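A closer look at the structure
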Amino acid sequence: MGKVYVFDHPLIQHKLTYIRDKSTGTKEFRELVDEVASLMAFEITRDLPLQEVNVETPVCEATSKVLAGKKLGIVPILRAGLGMTEGILKLIPAAKVGHVGLYRDPETLKPIEYYVKLPRDVEERDFIVVDPMLATGGSAVEAINSLKKRGATSIRFMCLVAAPEGVEVMQEAHPDVDIYIAALDEKLNDHGYIVPGLGDAGDRLYGTK
Ligand code: PRP
Ligand code: URA
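What counts, and at which threshold
- Residues numbered from 1 in each chain as written.
- Chains lettered and ligands numbered in written order.
- Predicted model: local features only at pLDDT ≥ 70, side-chain atom pairs only at ≥ 80, totals over all residues.
- Heavy atoms only, no water.
- UniProt positions renumbered as here; feature names shortened; annotations may be inferred.
- Patch = residues over 30% accessible without salt bridge, like charges linked within 9 Å, V, L, I, M, F, W, Y side chains within 5 Å.
- Areas by Shrake-Rupley, 256 points an atom, 1.4 Å probe, with all protein chains shown as cover.
- Salt bridge = Lys/Arg side-chain N within 4 Å of Asp/Glu carboxyl O.
- Helix = DSSP H or I, 4+ residues; strand = E, 2+ residues; numbered from the N terminus.
- Buried < 20%, exposed > 50% of the residue type's maximum accessible area, 1.4 Å probe, protein only.
- Near = heavy atom within 4 Å.
- Polar contact = N/O pair within 3.5 Å; in protein donor to acceptor, adjacent residues only side chain to side chain.
- 1 Å grid on protein atoms, 1.4 Å probe; cavity = no way out; pocket = protein on both sides within 12 Å on 5 of 7 lines; lining within 4 Å.
- Sits in = over half its atoms within 2 Å of the grid points.
- Nonpolar A, V, L, I, M, F, W, Y, C, P; charged D, E, K, R; others polar.
- Contact = heavy atoms within 4.5 Å.
- Expected span 1.5 Å × (residues − 1).

In the annotation of an unreviewed UniProt entry, the entry for the chain reads Uracil phosphoribosyltransferase, and the organism field reads Priestia endophytica. The chain has a UniProt comment under Pathway (unreviewed entry) that states "Pyrimidine metabolism; UMP biosynthesis via salvage pathway; UMP from uracil: step 1/1." Recorded in UniProt under Catalytic activity (unreviewed entry), the annotation for the chain is "UMP + diphosphate = 5-phospho-alpha-D-ribose 1-diphosphate + uracil".

Together, Y103, I112, Y114 and Y115 make up a nonpolar patch on the protein surface, roughly 400 Å² of accessible area in all. Among the elements that make up the nonpolar patch, the one with the highest residue count is strand β7 (residues 111-117) (3 residues). Overall, Y103 belongs to the partly exposed group, its relative accessible area being 43%.

This part takes up the site of ligand 1. By nearness alone, 14 residues border ligand 1, and R104, D131, T136, G137 and S139 come closest of all. Between ligand 1 and the protein, one listed contact pairs an oxygen atom with a side-chain N or O atom of R79 at 2.9 Å. Between an oxygen atom of ligand 1 and a side-chain N or O atom of D131, the distance comes to 2.4 Å. Here ligand 1, which alone exposes 500 Å², has 90% of that area covered by the protein. Of all the cavities here, the one that holds ligand 1 is the largest pocket. Elements with a contribution of two residues or more to the shell around ligand 1: β6 (99-104), β9 (133-134) and α4 (138-149). Its residues assigned to classes, the shell around ligand 1 comprises 6 nonpolar, 5 polar and 3 charged.

Turning next to the environment of T108. Locating T108 in the fold gives a position in the loop between β6 and β7. Taking the C-alpha atoms as reference points, T108 and P49, separated by 59 residues in sequence, lie 42 Å from one another. Within the local environment of T108, its side chain forms a polar contact with the backbone nitrogen of K110, the two atoms lying 3.1 Å apart.

Moving on: the UniProt feature "domain: Phosphoribosyltransferase" (unreviewed entry) in the chain. In the numbering used here, UniProt assigns the feature "domain: Phosphoribosyltransferase" (unreviewed entry) to residues 6-208. When the span residues 6-208 is considered, its composition is 33% helix and 33% strand, and the gap between its end C-alpha atoms is 29 Å.

To continue, consider the UniProt feature "binding site: uracil" (unreviewed entry) in the chain. UniProt's feature table lists "binding site: uracil" (unreviewed entry) at I194, G199, D200 and A201, given in the numbering used throughout. Lining the largest pocket, from this annotated set, are I194, G199, D200 and A201. Of note, G199 is situated in the loop between β13 (194-195) and α6 (201-206). Residue G199 is classed as partly exposed on the basis of its relative accessible area, which comes to 33%. Discounting residues that sit within four places of it in the chain, G199 has contacts with M133 and Y193. Checked against the element boundaries, A201 lands in helix α6.

This next bit is on α4. Between its first and last C-alpha atoms α4 spans 16 Å; for 12 residues at 1.5 Å apiece the expected length is 16 Å, and the two agree. Of the positions making up α4, those classed as buried are G138, S139, A140, V141, A143, I144, S146 and L147. Within two residues after α4, G151 carries a phi angle of roughly 110°, on the positive side.

Given below as structure tokens:
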């Protein structure tokens, strides 16, 4: 079963409070999501493998470390996942970025796929799929299905706020995928919104609605 990691770093928790606040406007919301995505990228990359290399400092020859292992791929789920992408790329600028476009049908809450574009060397990358929200879990499950169908074998999922229902659905559908979140909330409401949540992430990021 996929593990669930909650990033309880004080800076992440502090900024998340202002992201949740309904009086936070679009500009500030976008900036905060970007900052939290960077902080989460710092945490999620903690276990990346390193290899030793030689380096000549101004003082002497030394042995030091650089990143080793598979190359990274970031896959935002459109639209709201885009709000986290630049923040992650600030820390991992060489990562390639794929996109999976999905929206939830407002009646059925089922995800409808409308776009997929991934890096060509899918099998050779460690992927981080990102979306601010894991609600029913339908979108994350579908996006990861899409990646696996195209050959991805190493996938993690990162989001800001998750509902227990979504975590369960993800663990059932993709037991090989670990989940990294800033907060595990209480529940979903009758409209499939996370409670307390932060509202509609896409609308708040882009000022629609
Ligand atoms: C939101 C959110 C997730 C999805 C989560 O996207 O960004 O992708 O809902 O819900 P789920 O876990 O129940 O599938 P939305 O469908 O509103 O599309 P948008 O990002 O284009 O606004
Ligand atoms: N999508 C959102 O943007 N917010 C929720 O609370 C649930 C799904």
